[in-house]
Amino acid sequence: MIIVMSATATAEEINSVKSAILAEGLQPHENPAQGHVVIALVGEVSTRRQHLESRFSALPGVESVTPITRPFKLASREFHPDDTIVEVGPAVIGDGSLTVMAGPCSVESREVALETAQAVAAGGATILRGGAFKPRTSPYAFQGLGVEALRYLAEARELTGLPVITEVMEPSQVEVVNRYADILQIGTRNMQNYSLLTAVGRVAKPVMLKRGYGATIEEWLMAAEYIISSGNPNVILCERGIRTFETSTRNTMDLTAVPLLHHLTHLPVIVDPSHATGKRWLVKPLAMAGVAIGADGVMVEVHPRPDEALSDGEQSLTFEGFGDLMASLRPLHRQVAALPRDPVLSAAAMAAAIPTEH
Ligand code: PEP
Ligand code: MN
């Protein structure tokens with residue numbers, strides 16, 4: 001339910017609405033939107049919707065009370081019509097610029113971390129990625145260097161100036177990952193790990209929530225809702241491919257998700273063609289497709305010697321491949337960015353503007 005305060009509502013009136021919400025056992029979340037204060041009330045309202053609607057409508061300073069039609073509330077565009085823009089050091093995500101997160105699948109050594117960080121920084125990446133705690137399908141596969149890898153990532157940030165994103169796999173790791181990283185990543189396997197979502201909701205740094213490989217858009221946004229309702233509004237979504245009947249690629253990249261998300265939510269959307277396809281040569285075309293359809297950026301895996309990588313070598317770009325990707329992505333993004341950013345119309349407008357030679 002959303003309470004829109006009138007443009008002339010006083011601070012006292014706003015505060016008494018919030019107190020009335022708390023008195024009903026619900027949580028108020030305020031969002032100053034388009035000149036009006038908008039307060040979402042979050043909690044179980046279904047059984048007493050009518051009572052709450054008439055109670056809040058009668059309070060001084062209230063202009064309107066409307067139900068939020070989506071099950072996700074704080075993540076919805078209805079509550080927050082403006083795009084969320086996430087600032088992390090020198091990088092800005094969701095402001096219309098092109099975000100490029102690049103780096104090794106896992107931080108295998110100090111050398112790999114520093115060498116790759118320098119190469120991707122020189123090539124135009126805006127954020128350095130690298131796994132320290134690795135969720136591996138096999139318990140016998142390389143599990144990551146843990147805290148040692150976090151230190152190498154911090155050193156790479158010093159060297160290049162790039163903010164760092166890395167995955168946190170369980171609530172007990174949140175404290176240490178938060179100490180070293182600039183963005184905390186929730187991996188596909190953990191998208192519905194509610195205690196982890198709540199734990200990263202309590203930190204002050206942005207969180208990138210990867211889509212569960214079997215999750216619907218609604219389940220994904222409900223997972224984002226856990227993080228936001230726990231106190232962290234800086235959530236970034238990442239489409240990394242879903243499991244379908246198709247076996248010729250590692251996953252199926254759901255491009256439809258990008259404009260659909262821009263329509264449903266104010267959160268920035270990143271695409272990860274590395275995990276979506278599992279094949280190096282498919283990374284560039286799918287990254288371009290993601291940017292063409294309106295993604296706020298891409299995440300790609302890059303390794304100095306992919307054949308020797310301890311994880312995901314087949315989908316990792318060489319330094320040269322990363323340079324080639326950036327040479328195509330930048331001009332494409334300039335064209336897309338010049339188009340109107342109406343979230344409802346963006347898909348059609350962008351489709352019409354994709355140059356035919358691609
Ligand atoms: C990753 O980005 O390192 C990763 C493990 O991705 P996903 O969770 O999407 O499989
Ligand atoms: Mn990987």
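For the structure itself, look to the data block above.
Residues numbered from 1 in each chain as written. Chains lettered and ligands numbered in written order. Predicted model: local features only at pLDDT ≥ 70, side-chain atom pairs only at ≥ 80, totals over all residues. Heavy atoms only, no water.

A. Region of the structure containing the sheet that holds strand E14 (residues 297-301). Spatial strand order, E7-E8-E9-E10-E11-E12-E13-E14: 8 strands in a closed barrel with parallel pairing. Averaged over all pairs of adjacent strands, the angle between strand axes in this sheet comes to 25°, irrespective of strand direction. Bridging between strand E7 (residues 99-103) and strand E8 (residues 127-129) involves 2 bridges; their strand directions are parallel. Following the sheet pairing, Ala102 is matched in E8 by Leu128. (Pairing = 2+ DSSP bridges. Helix = DSSP H or I, 4+ residues; strand = E, 2+ residues; numbered from the N terminus. Axes fitted to C-alpha atoms, helices over the stretch in contact; angles between N-to-C directions.)

B. Representation of the pattern of salt bridges. Counted under the stated rule, the structure contains 16 salt bridges. For Glu115, the salt bridge identified is with Arg305, shortest N-O distance 3.5 Å. Taken together, the residues span a long stretch of sequence, with Glu115 in helix H3 (residues 110-123) and Arg305 in the loop between E14 and helix H11 (319-337) at a distance of 190 residues. Taking the relative accessible area as the measure of exposure, Arg305 reaches 35% and is therefore partly exposed. Close ionic contact of Glu239 with Arg211 constitutes a salt bridge, the shortest N to O distance being 2.9 Å. Pair noted here: Glu239 is in strand E12 (residues 235-239) and Arg211 is in the loop between strand E11 (207-210) and helix H7 (217-229), with a separation of 28 residues, a long-range link. Relative accessible area serves as the criterion here: at 4%, Arg211 is assigned to the buried category. One network of salt bridges, with partners in common, ties together Glu24, Arg48 and Arg55. (Salt bridge = Lys/Arg side-chain N within 4 Å of Asp/Glu carboxyl O. Buried < 20%, exposed > 50% of the residue type's maximum accessible area, 1.4 Å probe, protein only.)

C. The site of ligand 1, seen in detail. Inspection of the region around ligand 1 gives Arg129, Lys134, Glu167, Gln185, Gly187, Thr188, Arg189, Lys210, Arg240 and His275 as its neighbouring residues. One of the side-chain N or O atoms of Gln185 is found 2.9 Å from an oxygen atom in ligand 1. At 2.7 Å from an oxygen atom of ligand 1 is found a side-chain nitrogen or oxygen belonging to Lys210. When ligand 1 sits alone it has 290 Å² of accessible area, and the protein chains cover 97% of it. (Near = heavy atom within 4 Å. Polar contact = N/O pair within 3.5 Å; in protein donor to acceptor, adjacent residues only side chain to side chain. Areas by Shrake-Rupley, 256 points an atom, 1.4 Å probe, with all protein chains shown as cover.)

D. Geometry of helix H6 (residues 194-201). Along H6, 6 of the 8 residues are buried, which leaves the element largely enclosed by surrounding structure. Tucked inside the fold, the buried residues of H6 contact helix H5 (174-180), strand E10 (183-186), E11 and H7. (Contact = heavy atoms within 4.5 Å.)

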